[in-house]
Amino acid sequence: MEANWGLLGPEFLPNARRTRTLGLGATVRAFNELAVPGLGGVWYGRQLLLATLGVAVAEEARRRGSKVQNIEVTNAIEALACWLAFNGNGWSRDSRLRGNTKLQGKDDFSFRRARQRNFYVTQPMRMATVQALPALGFVASDSARFNAFRCSEEGRGFVEKATERNSPYNRSVIDHLTCWAQMKDDRVDTEALRQALSPLNGFSVETIPLLRERLIQGGNESSDDKARRSDALAWIEALRTYRPDWLTWQQRPKEIAEKHWHDLQAGALFFETREAAIAMLDATEVHIGNQTAGKSCSLKAKIPQALKAAIEKPIENLKSAANRYLTFGHADTEAIRFCRECVDDDPSGMLRSLVERDGHVLRLIGDEVKPGPAFRGSPPAAEQVGADNEDQETPQSGDIPLPVGISYRVRNLYLLNLDMHGELDAWLQLASRESEA
């Protein structure tokens, strides 16, 4: 079971997370992939380093005769990296670290303990790199499964360059962590490993060109994917350099081709429609939650007057967003089908189709809208609407001059580029102050 640590669990669980997909996961992934191909959920360089290092160490441990898998080794290394970083910063929270609660008080960091499923968080940062590692050429694989990844020559070179200044117990970082994974040496609370692994540390000037080359050259991808990511990086660098106040969709940057810009804008319009649909479902949830009895709503004939009044404005917003997408024109068939459902003149039919798509917070049983497993009666302040199974826990505060609604991957690329210039720390500190103000 250890090898499955970090995989997604059953769809419905008690205390279910409020992540609404509305059956649009593939469409969301497609628009994000059109925006910045191959980036996955990566937004700073150490995510790529720790995941590639985990694959390299697991491979070396197997070569030496140990039975370990990529996932358990990578998760254990990530846990160790965060633990060392927390020890170094006095257990202050940081968006680049996980496990502040889970890791506190742990004093046994043997691999025997660290490999266990309940040792660290259930959603490790590694999960954000599953697409990026092969796309950027850090690993080779005939499968999308993390356990099937093999460290490429470029990936190994990246790890070695990034860790060459650190020699725990006169070993390379890969060699020492391999001994750890073989359960031959449990000495990991060292300054050398903290410097090598901590997600809070930047890269050496010798390492940055290797990371930038991977972003531009990529792995086994189409030439169009490589060109889009390279163009996006050039645009992001121009934004970092010239720092405009803000951008609108009427300003296509010279670095981005016309079709790429069209796809970016179509994605933004689709995301706006999806969020408007969730806002309408939220309003329905609040209405049902406020009822003193009979926590349900019948759609057998038409929408009850009280509910109709509660969702009148959300319906208007949803129709407006969906019509903007349909008028703009884009070839994604599922997005078109969804938006057509959202402009249904019959509010009852529109609500029925959206609740059928939901089935998580609200569900349709016959003609009755009833609470689903994640129903709360009132939506949380920050609804999770990401439906592409990528890790999107990027800092949301902070000023980035991007057009409204653009794919979060462009924002992530902006932050990754700051990281490569040694400017991410300053940006995060400013963003943290803004969020506390």
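Residues numbered from 1 in each chain as written. Predicted model: local features only at pLDDT ≥ 70, side-chain atom pairs only at ≥ 80, totals over all residues. Heavy atoms only, no water.

Colleague: Could you clarify how one ought to interpret unusual backbone geometry in this entry?
Modeller: Peptide bonds are trans in most cases, and residues, glycine excluded, mostly fall at negative phi. Even without a glycine there, the phi angle at Trp 91 is positive, about 65 degrees. In this fold, Trp 91 is placed in the loop between helix H3 (70–89) and helix H4 (100–103). (Helix = DSSP H or I, 4+ residues; strand = E, 2+ residues; numbered from the N terminus.)

Colleague: What should I look at first to understand the sheet that holds strand S3 (residues 297–298) in this one?
Modeller: Strand pairs in the sheet, formed through backbone hydrogen bonds, run parallel or antiparallel to each other. Overall, antiparallel pairing links the three strands, which are arranged S3-S5-S4 in an open sheet. Two strands lie at the open edges of the sheet, namely S3 and strand S4 (362–365), each paired on one side alone. Bridge count between S3 and strand S5 (residues 368–371): two bridges; the pairing is antiparallel. Residue pairing across strands places Ser 298 opposite Glu 368, the latter belonging to S5. Lying over the sheet, helix H15 (residues 347–358) contacts S4 and S5, oriented at roughly 110 degrees with respect to S4. (Pairing = 2+ DSSP bridges. Contact = heavy atoms within 4.5 Å. Axes fitted to C-alpha atoms, helices over the stretch in contact; angles between N-to-C directions.)

Colleague: Explain the confidence of the model for the chain to me, please; I cannot follow it from the model alone.
Modeller: Detailed reading of the predicted model is not advised wherever pLDDT is low. In this model, the chain carries a mean pLDDT of 89, and residues with pLDDT of at least 70 account for 90%. In the model, residues 1–16 has pLDDT below 50 throughout and makes 36 contacts with residues more than four positions away in sequence or in other chains. (pLDDT = per-residue confidence, 0-100.)

Colleague: Looking at this model, I keep getting lost on the nonpolar core. Mind explaining?
Modeller: One recurring pattern in soluble globular proteins is that nonpolar side chains are buried together. In terms of nonpolar packing, the biggest core is built from 88 residues, with Phe 109, Leu 177, Trp 180 and Leu 197 touching the most fellow members. If one sorts the elements of this core by residue count, H3 sits on top with twelve residues. Dropping the residues within four chain positions of it, Trp 180 is found in contact with Ala 76, Ile 77, Leu 80, Phe 109, Ser 110, Phe 111, Ala 114, Asp 185, Asp 186 and Val 188. Judged by nonpolar contacts, the second largest core, of 39 residues, contains Leu 24, Leu 307, Ile 315 and Leu 351. (Core = buried A, V, L, I, M, F, W, Y, C linked by side-chain atoms within 4.5 Å. Buried < 20%, exposed > 50% of the residue type's maximum accessible area, 1.4 Å probe, protein only.)

Colleague: Explanation requested: the side chain of His 330 in the structure shown.
Modeller: Following the sequence through the fold, His 330 ends up in the loop between helix H13 (305–328) and helix H14 (333–341). Among the residues examined, His 330 registers a relative accessible area of 16% and is labelled buried. A polar contact is formed between the side chain of His 330 and the side chain of Asp 263, at a distance of 2.8 Å. Polar side-chain contacts of His 330 include one of 3.4 Å to the backbone nitrogen of Asp 332. Apart from the residues within four sequence positions on either side, His 330 is in contact with Phe 31, Leu 34, His 262, Asp 263, Ala 266, Tyr 325 and Ile 336. (Polar contact = N/O pair within 3.5 Å; in protein donor to acceptor, adjacent residues only side chain to side chain.)

Colleague: Just checking my understanding: could you explain the environment of Asp 345 for this structure?
Modeller: Along the chain, the position of Asp 345 falls in the loop between H14 and H15. Taking relative accessible area as the criterion, Asp 345 reaches 69% and is therefore assigned exposed. With 93 residues separating them in the primary sequence, Asp 345 and Arg 252 have C-alpha atoms 35 Å apart.

Colleague: What is the right way to read H14 from this model?
Modeller: The set of residues buried in H14 consists of Glu 334, Ala 335, Ile 336, Phe 338, Cys 339 and Glu 341. Along its buried surface, H14 packs onto helix H1 (25–35), helix H12 (258–289), H13 and H15. Measuring from the side-chain oxygen of the N-cap residue of H14 to the backbone nitrogen of Glu 334 gives 3.2 Å; that N-cap residue is Asp 332.

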